[in-house]
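Next come the chains, spelled out residue by residue.
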Amino acid sequence: QVQLVESGGGLVQPGGSLRLSCAASGFTISNYAMNWYRRAPGKERELVASTSSTSGTTNFANSVKGRFTISRDNAKNTVYLQMNSLKPEDTAVYYCNAYRTSFFVGTLNYWGQGTQVTVSS
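Residues numbered from 1 in each chain as written. Predicted model: local features only at pLDDT ≥ 70, side-chain atom pairs only at ≥ 80, totals over all residues. Heavy atoms only, no water.

Some points on the nonpolar core
Point 1. Counting residues in each nonpolar core, the largest one holds 29 residues, and the members touching the most others are Trp36, Leu81, Met83 and Tyr94.
Point 2. Contributions of two or more residues to this core are made by strand E3 (18-25), strand E4 (33-39), strand E5 (46-51), strand E7 (68-73), strand E8 (78-83), strand E9 (92-102) and strand E11 (115-119). (Core = buried A, V, L, I, M, F, W, Y, C linked by side-chain atoms within 4.5 Å. Buried < 20%, exposed > 50% of the residue type's maximum accessible area, 1.4 Å probe, protein only. Helix = DSSP H or I, 4+ residues; strand = E, 2+ residues; numbered from the N terminus.)

Spelled out as structure tokens, the structure:
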């Protein structure tokens, strides 16, 4: 029942913009920290952006700071990643992640299947 589905990836030119969506079902994202990860060719998985389940604070990797924005639409149970001023090094598969820990039920950690973002001329 629990599912995360990413969409919005594709091919974009350097300097362009793209918005990724992560539609959640089977749980309510407001109770979870929501994260975007990416894995570029030949590189380790990188945490790109995160937003807290409580305070709503956001954090970004230094490589994307000032260019990317993470946001929630709780009515749609969807998380977004707005990517601006894209660079070729942003090329990667982007993954949506939901994370929550509880003393009573343990760790809940859900992943989407990923969406390809390619930045190239």
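Some words on the state of the cysteines
Point 1. Overall, the coordinates contain one disulfide when judged by the stated rule.
Point 2. A sulfur-sulfur separation of 2.0 Å characterises the disulfide bridge that pairs cysteine 22 with cysteine 96. Measuring handedness by torsion sign, the sulfur bridge of cysteine 22 and cysteine 96 sits at about -80° and is left-handed. Here cysteine 22, found in strand E3, pairs with cysteine 96, found in strand E9; they are 74 residues apart in sequence, far enough to count as distant. In this structure, cysteine 22 and cysteine 96 share a single accessibility class: buried. (Disulfide = S-S within 2.5 Å.)

Here's the deal with the sheet that holds E7
Point 1. One open sheet holds the four strands; their spatial order is E1-E3-E8-E7, and the pairing between them is antiparallel. Bordering the open sheet on either side are strand E1 (3-7) and E7, each of which pairs with just one other strand. Pairwise comparison of adjacent strand axes, ignoring direction, gives a mean angle of 15° for this sheet.
Point 2. The pairing of E3 with E8 spans six bridges and is classified as antiparallel. Within the sheet, the bridge partner assigned to arginine 19 lies in E8 and is glutamine 82. (Pairing = 2+ DSSP bridges. Axes fitted to C-alpha atoms, helices over the stretch in contact; angles between N-to-C directions.)

Some points on the environment of glycine 16
Point 1. Looking at the secondary structure, you find glycine 16 in the loop between strand E2 (10-12) and E3.
Point 2. A sequence separation of 43 residues divides glycine 16 from asparagine 59, and the C-alpha atoms of the two residues are 22 Å apart.
Point 3. With sequence-adjacent residues up to four places away left out, glycine 16 is seen in contact with Met83, Asn84, Ser85 and Leu86. (Contact = heavy atoms within 4.5 Å.)

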